[in-house]
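# Close look at the chain arrangement
Each chain, written out:
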Amino acid sequence: MRQIWISKSGPPEVLVVKEAPDPKPAAGEIRIRVEASGVNFADVMGRLGLYPDLPRIPVVPGYEVAGRVDAVGGGVDASWIGRDVFASTRFGGYADVVCVAEAQVFPRPSSMSAEQGAAIPVNYMTAWQLVVAMGGLKAGETVLIHSAGGGVGIAATQIAKHIGAKVIGTASAGKHAELSALGVDHLIDYRTEDFEARARQITGGRGVELILDAVGGDSLKKGYRLLAPTGRLGVFGASSAATNKSGGYLGTVSMLANTPWVQFNPLSLMNANKGVFGVNLGHMWGEFDRLRGWMDELMRLWESGAVKPKIARVFKFDEAAAAHHFIQDRKNIGKVLLAP
Ligand SMILES: NC(=O)c1ccc[n+]([C@@H]2O[C@H](COP(=O)([O-])OP(=O)(O)OC[C@H]3O[C@@H](n4cnc5c(N)ncnc54)[C@H](OP(=O)(O)O)[C@@H]3O)[C@@H](O)[C@H]2O)c1
């Protein structure tokens, strides 16, 4: 098999393809011949040495794949063999063969391509946890989605529109026309405009009921102020720490220095009728039954057409460095994938 390794922390070029013997599925595992692997911002942070959950480098990153089952381990029904699937992987997904626990594998309907399947697990389960499970978004409410053009941003927009909410998105200006067409009601170029002032203007001064923020730092300060009474701020990342392509801790220091550690205190939350919550899908492995329940709901939305992953671009394995450049250059509208 071929795997893409983070050989050391540094620029995208530290990603290298290596050959290894095909793995054998252990008891309870399913082996998948991979046709597409998802790239996530967490992989970029991991490559930069800024992602504490990543196992020690050198490592094969990757949280999700889609392809076809070609072998099963002991205790797994042989009828899986030959089926098209998509799956969550706990690292190791940047590979053309992976073995994963049966519980992490989902059958892929004939209407879903491998590319679409590989774009679902991380983006849509994270979005579901943020918008539905913890954000409790209701019809008629307004949600502000940062990085609206990213994989999670587009997934969250689709779920929010299905609920009947209004969506304000922040994104680089070049993405606005396409994001409007994808259902975002109002777009803010946060690089040239103050998103807090613009969102307040859009909502007639009221503010918003839900914010999804994976930027971190100063953005959280403004977001907390922008919440309307009963508003919830969902914190799920720190992309503002990724200030360059080679790593280093300057961005992290600045992000931490700008984080509103004191503003979110119990008295302020109570008196302002606001909530702050956090989401880290990578810490939900112990809750996989619940995640499967969310996936059942997402698959119903797939059938209805409400869930429709947008693929930004597919890179070949030996173009993995270009895939990471593409994301860090903020060029993606939707999901970036790797194909063997
Ligand atoms: N906690 C969790 O469970 C979880 C799960 C999935 C993702 N996340 C987080 O959610 C965020 C989005 O993830 P994703 O996979 O959807 O990302 P993505 O699709 O790769 O989105 C990348 C986009 O983020 C925006 N961005 C903001 N700050 C950036 C920076 N410093 N460098 C480069 N791009 C930046 C850029 O768009 P614009 O320039 O248009 O803003 C860029 O195109 C990330 O912070 C990620 O770590 C968290």
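Rules of the game
Counting of residues starts from 1 at the beginning of each chain's written sequence and follows it residue by residue. Reporting in this predicted model follows two pLDDT cut-offs: at least 70 for local features of residues, and 80 or more for side-chain atom pairs to be given and counted; totals over whole chains, interfaces and linings ignore these cut-offs and use all residues. Side-chain measures here rest on the full set of heavy atoms in the structure, leaving out hydrogens and waters. For this purpose, a residue is taken to be near a molecule or strand whenever a single non-hydrogen atom of the residue falls within 4 Å of it. Polar contacts here mean pairs of N or O atoms no more than 3.5 Å apart (in protein, one a potential hydrogen donor and the other a potential acceptor; neighbouring residues in sequence count only if both atoms are side-chain atoms). The Shrake-Rupley method, run with a 1.4 Å probe, gives the accessible areas here. Residue values count only the displayed protein chains as cover. In this description a helix means any DSSP run of H or I spanning at least four residues, a strand means any run of E spanning at least two, and both kinds are numbered starting from the N terminus. Charged residues are taken to be Asp, Glu, Lys and Arg, nonpolar residues to be Ala, Val, Leu, Ile, Met, Phe, Trp, Tyr, Cys and Pro, and polar residues to be all remaining types, Gly included. Here, strands pair whenever DSSP counts at least two bridges between them. Between N-to-C directions, angles span 0 to 180 degrees; the directions come from axes that are lines fitted to C-alpha atoms, helices contributing only their stretch in contact. One axis fitted to the seven residues ending at a residue, another fitted to the seven starting there: the angle between these axes is the bend at that residue. A simple rule labels every residue: compare its accessible area, found with a 1.4 Å probe on the protein chains alone, to the largest value its type can have, and call it buried under 20%, exposed over 50%, or partly exposed in between. A residue counts toward a patch only above 30% relative accessible area and without a salt bridge, and it is joined to like-charged neighbours within 9 Å or, for Val, Leu, Ile, Met, Phe, Trp and Tyr, to nonpolar neighbours within 5 Å. Here, a salt bridge means any Lys or Arg side-chain nitrogen found within 4 Å of an Asp or Glu carboxyl oxygen.

Moving on to the site of the ligand. Surveying the vicinity of the ligand reveals 23 residues, the closest of which are Gly151, Ser172, Tyr190, Leu281 and Asn332. A distance of 2.9 Å is found between a nitrogen atom of the ligand and a backbone nitrogen or oxygen belonging to Ser239. One nitrogen or oxygen atom from the side chain of Asn332 is found 2.8 Å from an oxygen atom belonging to the ligand. Look at the ligand: alone it shows 910 Å² of surface, and the protein chains cover 92% of it. Elements supplying a minimum of two residues to the shell around the ligand: α3 (121-134), α4 (151-163) and α11 (320-328). For the shell around the ligand, the per-class residue count stands at eleven nonpolar, ten polar and two charged.

Further remarks concern the sheet that holds strand β10 (residues 186-188). Reading across from one edge, β10-β9-β8-β11-β12-β13 is the order of the six strands in this open sheet, with parallel pairing throughout. In this open sheet, the two edge strands, each paired with only one partner strand, are β10 and β13 (275-278). Taken over all neighbouring pairs, the strand axes of this sheet differ in orientation by 15 degrees on average, direction set aside. Inspection of the sheet shows strand β8 (residues 142-145) paired to strand β9 (residues 166-170) by four bridges, in the parallel sense. Note on β9: the bridge partner recorded for Val143 is Val167.

Moving on, we come to α3. The largest bend in α3 comes to about 30 degrees, at Trp128. The element α3 is largely enclosed, with a buried count of eleven among its 14 residues.

To continue, consider a nonpolar patch on the surface. A cluster of nonpolar side chains, Leu256, Trp261 and Val262, forms an exposed patch at the surface whose accessible area comes to about 360 Å². Inspection of the secondary structure assignment puts Val262 in the loop between α8 (250-257) and α9 (266-272). For Val262, a relative accessible area of 63% translates into the label exposed.

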